[in-house]
Structure formats: structure tokens, C-alpha cells
Amino acid sequence: MTKAELIEEVAGKVKGLTKRQTEIIINAILDGVKETLARGDKIEIRGFGSFRLRNRRTREGRNPKTGMTVQVPAKHVPFFKAGKELKELVDR
Amino acid sequence: MRKADIANEVYEKVGIPKKDASDILELMLDSIKAVLQKGETVKIAGFGNFVVRHKRARKGRNPKTGEEIGITPRKVVTFRPSQVFKRYVNDAQLEEKPAVAEETVEGVDAP
């Protein structure tokens, strides 16, 4: 399923809501998730899962072309953990 | 942040009633769940992909007792954030840190 298909499906379930309106709302939801994580907060949605940031430490990497050692800087990575209900649903 | 907080953010961003925002969020999550249940991938451009991965059977150990146990094959959901998402969380964090002097490029002669 793509984002366009998701928008279409949700729009089809709500009376009086156009695809364009649905798209704006879904974008606002997704942006809200991104902004929350960027602030360093986490999100927990019952039955679905949680989003938070994980930290990656600085590490030594190598340039595969030249073989030169480089420092890969520490960074944050968005991380999703499936909730109980979703886990069970998928594993069935 | 919980579901109600997200609904509130949507209300502030686009001005639709919180109840409607909450209902649409719910429908969206239901759609995603239904697709994952079928074992299919959900690709959300600019956000990331939810992928169902198949795990093989393996031997595990109870970390408390050291007892060996068989772990049955299973399906799990993983989320692969998009490049945009990954960049976004790192850039936003950087803005709060004090500016660091940029390192000089080697080979540039002093005037």
C-alpha cells in the first residue's frame, strides 16, 4: 500500500471528506509524529505501537573506495516498536 | 504524546475538530494494520515503510535460568524510516546545539 492508496481508503470511509482534505489531515498527522520525535519526545499509540528516537554512537567507518578510515558522527534514528495488538495481528 | 495529543496537533495545524482528527487517525491506523495483517508492505513517502519480516525458527535461552528454548518461526513488523525522516530528526536536534566552528579543509593555504 502506498500513501496515495492510504489516503484514498481513508477518504472513502468518511462522508463528505475529499481526497485532498484527507491528504492534508494525514500529512498533518505524519508531520506531528516527526516533529514530536525531533523535539525528543516519544509517541505511544495503544494497539498500534510507539515511536521514539534511538541514538547511534560515533563509530569508525571506512570509505569503501579508498579504504580510508573516517569518523561516522553520532546520530539519532527514528525507531518504531509494534504494540501488542499489532504484533499478534501480524503473526497470526 | 498519545493519540489525543496528535489529534490536538492536527486541530492546531489544519483547524478540524479534534474528534474528527482523532477519527481519521484511527481509520488511518486501521488501514495500515489491515495491510500488515495480510503480510504486505505499507509505503508512506516522506515518512517510511512498514514491512512484515519473516523470522526463522531459532534457539533462544532464558537469560535468567540459562535454559535453552526453541523459538518458533514468526512474523514481525519493522519500520524503515525514510531518508527525509532520518535527516529531519537529526537536523532539528542540531539546531539546539551551539554552533561548532567548521573544520578547515585540508590543502587550503593560509593567506
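Note that this is a predicted model, so its numbers are computed, not measured.

Okay, the overall build of chain B next. Scanning chain B from N- to C-terminus turns up three helices and five strands. Its helices and strands taken in sequence order, chain B reads α-α-β-β-β-β-β-α from the N to the C terminus. Out of the 111 residues belonging to chain B, those deemed buried represent 28%. Considering only contacts in chain B between residues 6 or more positions apart, those separated by 24 or more positions represent 29%.

So, on to the domain arrangement of chain B. Residues and elements named next belong to chain B. Partitioning chain B into structural domains gives domain 1 (1-38) and domain 2 (40-97). Using C-alpha coordinates to define each centre, domain 1 is positioned 22 Å away from domain 2. Residue-level contacts link four residues of domain 1 with seven residues of domain 2. Across the interface of domain 1 and domain 2, roughly 530 Å² is buried in total on both sides, 74% from carbon and sulfur atoms. Of all residues in domain 1, I32, V35 and L36 bury the most surface against domain 2, accounting for 79% of the area lost on that side. Connecting domain 1 to domain 2 are zero salt bridges. Scanning the region where domain 1 abuts domain 2 turns up one residue pair in polar contact (both at pLDDT 80 or more). For the side of domain 1 that touches domain 2, the class distribution of residues is three nonpolar, no polar and one charged.

Further remarks concern helix α3 (residues 84-91) of chain A. In an α-helix, one turn spans 3.6 residues; hence positions three or four apart end up facing the same way. Here α3(A) has its buried residues at L86(A), L89(A) and V90(A). Seen from one end, α3(A) has its buried residues packed into an arc of 90°, which puts them on one side.

A few words on the confidence of the model for chain B. Residue and element names in this part refer to chain B. With 82% of its residues at a pLDDT of at least 70, chain B reaches an overall mean of 85. Here helix α3 (residues 83-96) stands out as the least confident element of chain B, with mean pLDDT 80; strand β1 (residues 42-44) is the most confident, with 98. Considering only residues more than four positions removed or in separate chains, one finds that residues 97-111, a stretch of pLDDT under 50, has zero contacts. The ipTM, which scores confidence in the relative placement of chains, is 0.90 for this predicted complex, and the corresponding pTM is 0.83.

With that settled, the discussion passes to the packing of helix α1 (residues 3-13) of chain A against helix α2 (residues 18-37) of chain B. Interaxial distance between α1(A) and α2(B) falls to 10 Å at its minimum, and their mutual angle equals 125°. Taken together, the axes of α1(A) and α2(B) are oblique relative to one another. Considering how the two elements wind past one another, α1(A) and α2(B) form a crossing that is right-handed. When α1(A) is examined against α2(B), the residues L6(A), E9(A), V10(A) and K13(A) are found in contact with a partner set consisting of I24(B), L27(B), M28(B), S31(B) and I32(B).

For the rest of this paragraph, the subject is the interface of chain B and chain A. The partner chain A presents 46 residues to the 43 residues of chain B that form the contact. Across the chain B/chain A interface, buried area totals approximately 4300 Å², and carbon plus sulfur atoms make up 70% of it. Summed over the shared surface of chain B and chain A, the result is four salt bridges. For E9(B), the salt bridge identified is with R39(A), shortest N-O distance 3.6 Å. Summed over the shared surface of chain B and chain A, the result is 12 residue pairs in polar contact (both at pLDDT 80 or more). Mapped by element, the contributors of at least two residues to the side of chain B that touches chain A are α1 (3-14), α2, β1, β2 (48-55), β5 (74-81) and α3 of chain B. Considering each element in turn, the side of chain B that touches chain A owes the most residues, 11 residues, to α2(B). For the side of chain B that touches chain A, the class distribution of residues is 28 nonpolar, six polar and nine charged.

Cut-offs applied
Residues numbered from 1 in each chain as written. Chains lettered and ligands numbered in written order. Predicted model: local features only at pLDDT ≥ 70, side-chain atom pairs only at ≥ 80, totals over all residues. Heavy atoms only, no water. Helix = DSSP H or I, 4+ residues; strand = E, 2+ residues; numbered from the N terminus. Buried < 20%, exposed > 50% of the residue type's maximum accessible area, 1.4 Å probe, protein only. Contact = heavy atoms within 4.5 Å. Domains from an automatic or database assignment. Buried area = accessible area lost by both parts, 1.4 Å probe. Salt bridge = Lys/Arg side-chain N within 4 Å of Asp/Glu carboxyl O. Polar contact = N/O pair within 3.5 Å; in protein donor to acceptor, adjacent residues only side chain to side chain. Nonpolar A, V, L, I, M, F, W, Y, C, P; charged D, E, K, R; others polar. Arc of directions from axis to C-beta. pLDDT = per-residue confidence, 0-100. Axes fitted to C-alpha atoms, helices over the stretch in contact; angles between N-to-C directions. Parallel < 35°, antiparallel > 145°, perpendicular 65-115°, else oblique. Left-handed = near helix turned anticlockwise from the far one by under 90°.

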